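Chain residues, written in single-letter form:
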Amino acid sequence: MDKNVAEEKMAQLEWYITKHCLWQYNSRAWDRLIQNERILTKTKQLLRGENAKDEDTTADKYYWSEAMSLQEGFKRYFPWVAETSKDDIAQILDLLKERMDHTMVHASLNQELVKEHY
Amino acid sequence: MSCELKAKDRTGVINPIFTCQPAGAQFVSIGVKDCIALVHGGQGCVMFVRLTMSQHFKESFELASSSVHEDAAVFGALNRVEQGVDVLLMRYPDLKIIPIITTCSTEVIGDDVDGVVIKLEEGLLKTKYADREVHLIPIHTPSFVGSMISGYDIAVKDFVEHFAKKADKTNGKINLLTGWVNPADVTELKSLIGEMKVDATVLFEIETFDSPIMPDGNHVSHGETTIEDLESTANAIGTIALNRYEGAKAAQFLENEFDVPAIIGPTPIGIRNTDTFLANVKKMTGKAIPESLVRKRGIALDAIADVSHMFLAGKKVAIYGNPDLVIGLAEYCIDLEMEPVLLLLGDDNAKYGNDPRIKALKEGVGFNMEVVTNADFWELENRIKNEGLELDLILGHSKGRYVAIDNNIPMVRLGYPVYDRAGGFRHPVVGYAGAIWLAEEMANAIFTDMEYKHNKEWVLNVW
Amino acid sequence: MPYHQFKCSECIPERLHHAVDKGETEDLTDALPLGYLNTIPGTISERGCAYCGAKHVIGTPMKDVIHLSHGPVGCTYDTWQTKRYISDDGNFQLKYTFASDMKEANVVFGAEKMLKKNIVEAFKAFPEIHNMALYQTCASALIGDDINAIAEEVMEEMPDKKVFVCNAPGFAGPSQSGGHHKINIAWLNQMVGTGEPVIYSKYVINYVGEYNIQGDQEIMKDYFHRMGIQINATFTGNGRFDDLRCLHKAQLNVLECARSSEYICDELRTRYGIPRMDIDGFGFEATADSLMKVAHFFGIEDKAQEIIDAEYARWKPELDWYAARLKGVKMCLWPGGSKLWHWAHMLKSEMGINVVSVYTKFGHQGDMEKGVSRCEPGTLAIDDPNELESVEAMYELKPDLIMTGKRPGEVAKKIRVPYLNVHGYHNGPYKGFEGWVRLARDIYNCVYSPAHQLVNLDISKDEIPTDKGFVTRESLSDANLSDEIKNSTELREYTGAYDPIPALRKKAESNVYTFPDPETGEWRVVPVETLRNSKIVDVE
């Protein structure tokens, strides 16, 4: 998929997350990176019709639940999601992960992210 | 048949009747024009006092905090007073008076507020605000001493002491120190002395606490007592402080310092106390009591005759709240043939034992009566729930509402704060107008209860 | 950086970085207000203290607890009957409050003995209550009373009593939020893990950061119970002290107000491996998504769908009646900490309301990230607002209403802006599907109040309309509506009760909820007694 098109589609998914989700706001940088990684990876897997359950733990179940909700939301809001190829989904979701890491962690202005204790 | 004065014998408080000293000082400061107090302590000491005021008056009042946080609590917080004063003066160009009200935290850490006021006067005010009239008034109200009542008393005295200035001649007025009252009380008091053609400096001019929504502008509620009013208190013919515990300190100060004769009390609740008040005004000013007040009084007596011996006689009442209010109400209830069997005063003021009104009750009442000091609401509730106290009516502020609600006892909301009835501050309890409202409101509360409980409610078919 | 310069705050440059105008193309990396910093003295900020954050926000909603504050009486007085956290068993927590009533002699000579006597007296007055929360205040913290030692002593002498100690004096932090943090951690360290609950369902959650304002918790509890999910404990609205000692025994923490209680969720995740799932219980879509997300976790999507379908069918026509009439209404959403992000987007997407400003009194930057993200470009976001800034913002933005607290609401009233109480609510509960309709109804009643229409008329100057004796709300709200909407037979105004909570409690009494047995998975009725009062066993 053309990069600009992928970026544009990624932006739509990002919009959905900012308006509907809370998982990306955990209060520490390391925590946000894990949330982004686990939830967006599983979302990508689900959208590509792949197995998204890694282990039989409550933590994994949790990330999977967030991913399930997220991909349902994506599909509900953007009909193109269901019609996009696996490769293109991977491309868009990877961009999305990059984008979330950027805004929520690396370029974040939130000064609390680096505090040691909760 | 006796009246007993005793202190609560538990250490702690279950449901407090009063809050602490800084609240009283804050209540005083909102009565003064161009004045915003800076409360030196944690933010809750201001935020909640403002909240309670807004619940009672359905208005917002301006009060600031020095916002003492962790570092300040450890290292001292005077820098926050300095900054707070500066910020207030920068942003409120009309501001002239900043009382600095201490709290428990800043008294415990020992912040020298008087010292910082001198420092600010010598420094900031002279340099940055040289062209402005600014008054900083330290008011010491540690929360672990006294109560909101003494906080009020101290603050009135500190305001008067700061401003009172002797001039060559008298101002021809009396000082009228109302104590902790509602706007409607001030209206009634001014109407009474107005009929006598007596001019007064009223501390405090709080009728404007009941402020309007206007088609333009921002009409923030605040009192109207001015610096000039406070200055001229030293030049009055005399001072009448209506309440022994809320303002008497200032009256005493004016008498001692400036030879302004003081009359303390009585709280003009009921016909008899209002008569005495008018007699005191007459004595102080030489002005006659006019026919119009005879009529006004007559209307009150007429209203009382309608309800007292038919409905109010023999009714057992518990009364709690500000001491002058409670005692005044008890006296009036007795005149109405009621039996105020339990009075609850929410602090431990040692002066209650020598209060002539309490002494008179001890000598005079024809039923069993208890006056409990340092009281909390458990003193009331426990007597009802566990000791068989039977009541027909409760008089007091909204914080005690559940005692009435849960025990099915009718209640008339009086005092401060009243937030569970609309417009409480709009009705006077003092003067002849107050006597009418009280008698009728008590009767109406009992009527509603009769109907709710189907207890001879048919009597009212033909009343 | 699109920081917002208030004219009234030009003289205090530190304030500049506490407000931003959300730009058309900017994101969180361009601008984010500062947050949770020390308050500038004298600004007339709206913040409260850490003690109130601990005691009044989080502690006191626990319903079977004697809440005793060690200090002068004012702290206790102030945090009593000034919020609306109800409970389903008589509102003990609203009706009773306890103070050690520290006096000058105690400050000088110490107050520990007096405190102990106090605790014993309080337990004696209410023999049926076995739990106490003991709160430090500024005064007792500064004189250095060891209240932990006293609590230990009492528990040794009265083995059937439990005393939890919360050391969050008023000065402990820039705002209420300091106290939220302290009580979260204190509860976790002292109480969690000391009880063993009765597990009656295969699906067990803790419901965290929910304070049962006007019954919010009971609305959500009904949904969870209809899904067969056991609420092990609610932190803390309508919560039992003993249940909260068992927080470690849930499979999932479902978190609403992250501002006040993310700390305990984060620690429960670290120490006990319980995942933290943030949800939004406000708004139709948000509630539905939240229920479905919880359902995904347990694999009970059909249960969630049943509720969503039933609730949409029952309430959506009522929400839409209001939504048609609220479109384009301008609102300042000025709550304390979490409602700005819970509500901002749902107000826009489900009621058509334009949120023109959000503020937070005690939020952190994380709350602003959420709030700013969820509102539209052009919104003014303010951290730790003060009185003059609020007034300036209202003059500038000319909102149709503001959603804020009681006292700031009175400020708004004077410049002819009506307000709704966003802390204690006007006529809540506002959570869940029915709750959201109730909020829409309250906003509608507020904005289209015929009496409010009169506030701008200056009878001394303006021409006075003399042709009407009254004006209806509908004539104001429906003026520009299409006939299709006006005459719709689908849409309708709110038809629920004045208070929906008694019906929910009655429903629970009739043993209607079924849960899957934790062992066999067989669905069976669990009696209300178990739901409400199951015995917690002490563990060391």
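Structure's up top.
Computed from a predicted structure; not experimentally measured.

1. A word on the overall build of chain B
Summing up its helical and strand segments, chain B has 18 helices and 15 strands in all. In terms of C-alpha radius of gyration, chain B reaches 23 Å, essentially the compact-globule figure of 23 Å for 463 residues. Taking the principal axes of the C-alpha coordinates as reference, chain B spans close to 75 × 50 × 50 Å. The buried share of chain B, taken over its 463 residues, is 61%. Carbon and sulfur atoms form 50% of the exposed surface of chain B, whose accessible area is close to 16,600 Å².

2. A closer look at the overall build of chain A
Along chain A, the regular secondary structure elements total five helices and zero strands. The N-to-C order of helical and strand elements in chain A reads α-α-α-α-α. The globule rule puts the C-alpha radius of gyration for 118 residues at 13 Å, and the 14 Å found for chain A is close to it. Referenced to the eigenvectors of the C-alpha coordinate spread, the extents of chain A come out at roughly 45 × 35 × 20 Å.

3. Points about the packing of helix 9 (residues 183-195) of chain B against helix 12 (residues 270-285) of chain B
Residue and element names in this part refer to chain B. At a closest axis distance of 11 Å, the pairing of helix 9 and helix 12 adopts a crossing angle of 50°. When the axis of helix 9 is compared with that of helix 12, the two are oblique. The element helix 9 and its partner helix 12 pack so that their crossing is right-handed. Contacts from Leu 189, Leu 192 and Ile 193 in helix 9 reach Thr 274, Phe 277, Leu 278 and Val 281 in helix 12. Taken together, the residues of the contact of helix 9 with helix 12 sort by class into six nonpolar, one polar and no charged.

4. Re unusual backbone geometry
Put simply, Leu 203 of chain B and Phe 204 of chain B share a cis peptide bond, and its omega is 10°. Take Phe 204 of chain B: it is sitting in the loop between strand 8 (200-203) and helix 10 (227-231). Between Tyr 416 of chain B and Pro 417 of chain B the backbone carries a cis peptide bond, its omega angle lying at 0°. The backbone of Gln 214 of chain C shows a phi angle near 55°, a positive value even though the residue is not glycine. In this structure, Gln 214 of chain C sits in the loop between strand 7 (203-210) and helix 9 (216-226).

5. Structural notes on the sheet that holds strand 13 (residues 369-373) of chain B
All names here are of chain B. Read from one edge of the open sheet, six strands run 1-13-12-11-14-15, paired in parallel fashion. Edge positions in the sheet fall to strand 1 (3-7) and strand 15 (411-413), since each of these pairs with one other strand and no more. If you compare each strand with its neighbour and ignore which way they point, the axes differ by 15° on average. Both strand 11 (residues 316-321) and strand 12 (residues 339-345) contribute to a ladder of six bridges, which runs parallel. Residue Ile 319 lies in a different strand from strand 12, and its bridge partner there is Leu 343. Contacts from helix 14 (residues 323-335) reach strand 11, strand 12, strand 13 and strand 14 (393-396), with the element oriented near 175° to strand 12. Most of the contacts of helix 16 (residues 377-386) go to strand 12, to which it runs at about 140°, and overall it touches strand 1, strand 11, strand 12, strand 13 and strand 14.

6. Remarks on the state of the cysteines
Tallying each qualifying case throughout the model produces zero disulfides over all chains. Cys 333 of chain B takes part in no disulfide bond, and the closest cysteine sulfur, belonging to Cys 3 of chain B, lies 14 Å away. Of all cysteine sulfurs in the structure, the one in Cys 375 of chain C sits closest to Cys 332 of chain C, which takes part in no disulfide; the separation is 11 Å.

7. Some points on the interface of chain C and chain B
Across the contact, 75 residues belong to chain C and 77 residues belong to chain B. A per-residue breakdown of the area chain C buries against chain B is headed by Pro 41, Tyr 77 and Lys 414 of chain C, which together make up 13% of the total. Run the count over chain C and chain B and you get three salt bridges. For Lys 95 of chain C, the salt bridge goes to Asp 406 of chain B, with nearest N and O atoms at 2.8 Å. Taken together, the links from chain C to chain B amount to 33 residue pairs in polar contact (both at pLDDT 80 or more). No other element matches helix 17 (residues 406-414) of chain C, which puts six residues into the side of chain C that touches chain B. Among the residues making up the side of chain C that touches chain B, the classes are represented as 34 nonpolar, 21 polar and 20 charged. With two bridges joining them, strand 2 (residues 13-14) of chain B and strand 3 (residues 98-99) of chain C adopt antiparallel strand pairing. What sits directly across from Val 13 of chain B, in strand 3 of chain C, is Ala 99 of chain C.

Rules behind the numbers
Residues numbered from 1 in each chain as written. Chains lettered and ligands numbered in written order. Predicted model: local features only at pLDDT ≥ 70, side-chain atom pairs only at ≥ 80, totals over all residues. Heavy atoms only, no water. Helix = DSSP H or I, 4+ residues; strand = E, 2+ residues; numbered from the N terminus. Rg over C-alpha atoms; globule rule 2.2 N^0.38 Å. Buried < 20%, exposed > 50% of the residue type's maximum accessible area, 1.4 Å probe, protein only. Areas by Shrake-Rupley, 256 points an atom, 1.4 Å probe, with all protein chains shown as cover. Axes fitted to C-alpha atoms, helices over the stretch in contact; angles between N-to-C directions. Parallel < 35°, antiparallel > 145°, perpendicular 65-115°, else oblique. Left-handed = near helix turned anticlockwise from the far one by under 90°. Contact = heavy atoms within 4.5 Å. Nonpolar A, V, L, I, M, F, W, Y, C, P; charged D, E, K, R; others polar. Pairing = 2+ DSSP bridges. Disulfide = S-S within 2.5 Å. Buried area = accessible area lost by both parts, 1.4 Å probe. Salt bridge = Lys/Arg side-chain N within 4 Å of Asp/Glu carboxyl O. Polar contact = N/O pair within 3.5 Å; in protein donor to acceptor, adjacent residues only side chain to side chain.

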